[in-house]
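Remarks on the overall topology
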Protein chains: 2
Amino acid sequence: LSSSSSSPRMDPQTKFMEFPHVSAPIRDLMLGLVSSVETHLGSSLLPCSLPPDVQYYQNPNGNAEGTVFVRSAIPSSPVDFILGSWINCKLPSGGALNIASLSTYLKPSTNAPNFLIEVIQSTPTSLVLILDMPPRKDLVLYPEYLKTFYEDTELDRHRQLLEKLPEVTPYSSPSLYIRALISPTAILVRIEAEAGEITRIDEIIRDNLSPIANEMIEVWLSLCASVDKEVGEAEMAYLEKRDLITKTKTIEIDLGTNIPRLFGQEIADRVLGVLRGVFNV
Amino acid sequence: LSSSSSSPRMDPQTKFMEFPHVSAPIRDLMLGLVSSVETHLGSSLLPCSLPPDVQYYQNPNGNAEGTVFVRSAIPSSPVDFILGSWINCKLPSGGALNIASLSTYLKPSTNAPNFLIEVIQSTPTSLVLILDMPPRKDLVLYPEYLKTFYEDTELDRHRQLLEKLPEVTPYSSPSLYIRALISPTAILVRIEAEAGEITRIDEIIRDNLSPIANEMIEVWLSLCASVDKEVGEAEMAYLEKRDLITKTKTIEIDLGTNIPRLFGQEIADRVLGVLRGVFNV
């Protein structure tokens, strides 16, 4: 059975879907979003075909593990692929860093925005949340795109609602590129409860954040992922170029920084190599 | 002397430069910025040639007045024009709304960012500040532009410094377009002192804000306003198109909303008509 380690038969969703290290409300939130996407897109999504040692990887010390989950869509779908991942890294302090994310990417045959959620938790009473439909066109040059996807959908009310909670404050990504990439209605917040108030964070995720994320994925599925916008040749070339730069920079800034730091260069090369293939960069 | 009201000889800078309704630190800040720009650009700036009833206007009730100050640059300058304005409107409560702004616009012969400061004060103990070098290219599509003008200049440290003050909180423009227009290092903040602490606002403007604004205008003057970047034909067409949309939307959202509301449609038509000419939109 020596071949089993190189090509074992395993359920591709198993490891990613477990979310074994995060709290129940975060797990429920992430699984709910994946389930909405999979239900809506149905058979247009192909099974995850990543190598098993990319779907699940650990560092040599055994104090960090990660998963990647990718389902590409069939050629006729406006969806390119969906990408889920989580990372857990035990900290010397006894705590742990947990990052969970789900992003969806559309093909250049449509110009609609992508979807992104990322939850970064390094203490039990605080987390950073990124929730957005990142635009795929320059909103300054294309005000009607801003109107269609951000004004008419009233996406900003979610951000306003969440920022009313005393535990929620605006968060600035240290990367200027990420700040440029997100939409004007992006939710980028730090949620911080008082020391010891662990259940308060759970409450906010369950009662305040999850309804917003669920509503936003429904907007994305109904407005962005379903309809082909009949993009012309020039616009398709523009979208291809902009998507390529976006994906290259996203890998470089996000996973391309975290994975080498937490897992070492060898594992990083393997995982990031496969991801660059998925991203086609 | 009946002709004097239609074409009087007056110092074009007089009214705008007076800033009669704002506190001394705001006046000093604005005059200091105008002075830096005028000194640096020197004789490449033409005198303000706006009609006198646009340079200074009042509403029929006499409870609101405003000024506009524009100096265009000579054809060989990379600068298109600089635009200053202030508005004062007495409120029924006994207070007043004061808006003071200075913006600078470059020609499509260079791709460098513009400069913008706007101070909006509706109570003696609070104000909203916008201070930025708004980009003239899509930062997502042109990451090297982001690097040159925003990362290498370390503009973000100003925002970080200011936001450390307990009186300073991030501010979201109600306009999604304005949010899309500004750079990732834009300072968009509300400064709010406790009731009665009027001198605290003055202190923050003098000690914290003015040094930042002065440093930023120096960056703009040395990095953006001085060098022609030798832009090619395709890029120039791109800049022309993007600048046109930016200017049209800026008038529509900012002055195009405030002036009719505060001064009535007749005065608004006169002032905005002249401004559309300056903006070439």
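Residues numbered from 1 in each chain as written. Chains lettered and ligands numbered in written order. Predicted model: local features only at pLDDT ≥ 70, side-chain atom pairs only at ≥ 80, totals over all residues. Heavy atoms only, no water.

A look at the interface of chain B and chain A
With 25 residues of chain B in contact, the opposing surface of chain A contributes 25 residues. When the two sides are added together, the surface that chain B and chain A hide from each other amounts to roughly 2,200 Å², 70% of it contributed by carbon and sulfur. Looking only at chain B, the three residues that lose the most surface to chain A are B:Val140, B:Leu141 and B:Leu176, adding up to 30% of its buried area. Our enumeration of links across chain B and chain A arrives at four salt bridges. For the salt bridge of B:Asp138 with A:Arg242, the shortest nitrogen-to-oxygen distance reads 2.8 Å. Along the contact surface separating chain B from chain A lie ten residue pairs in polar contact (both at pLDDT 80 or more). Contributions of two or more residues to the side of chain B that touches chain A are made by α4 (143-151), α5 (156-163), α6 (176-181) and α8 (233-253) of chain B. Of the residues assigned to the side of chain B that touches chain A, the class counts are 14 nonpolar, three polar and eight charged. (Contact = heavy atoms within 4.5 Å. Buried area = accessible area lost by both parts, 1.4 Å probe. Salt bridge = Lys/Arg side-chain N within 4 Å of Asp/Glu carboxyl O. Polar contact = N/O pair within 3.5 Å; in protein donor to acceptor, adjacent residues only side chain to side chain. Helix = DSSP H or I, 4+ residues; strand = E, 2+ residues; numbered from the N terminus. Nonpolar A, V, L, I, M, F, W, Y, C, P; charged D, E, K, R; others polar.)

Comments concerning the sheet that holds strand β4 (residues 96-106) of chain B
Residues and elements named next belong to chain B. The strand order β1-β2-β3-β4-β5-β6-β8-β7 describes an open sheet built from eight strands, whose pairing is antiparallel. Looking at the sheet topology across the chains shown, the edges are occupied by β1 (56-58) and β7 (168-170). With direction set aside, neighbouring strand axes in the sheet form an average angle of 15°. Alignment of strand β5 (residues 115-123) against strand β6 (residues 126-132), held across six bridges, turns out to be antiparallel. Among the inter-strand pairings, Ile117 is bridged to a residue of β6, identified as Leu131. (Pairing = 2+ DSSP bridges. Axes fitted to C-alpha atoms, helices over the stretch in contact; angles between N-to-C directions.)

Things to note about α5(B)
Within α5(B), the full set of buried residues consists of B:Asp156, B:His158, B:Arg159 and B:Leu162. The buried residues of α5(B) occupy an angular sector of 155° when projected down its axis, which confines them to one face. On its buried face, α5(B) sits against α6 (176-181) of chain A together with β6, β7, β8 (187-192) and α7 (198-224) of chain B. (Buried < 20%, exposed > 50% of the residue type's maximum accessible area, 1.4 Å probe, protein only. Arc of directions from axis to C-beta.)

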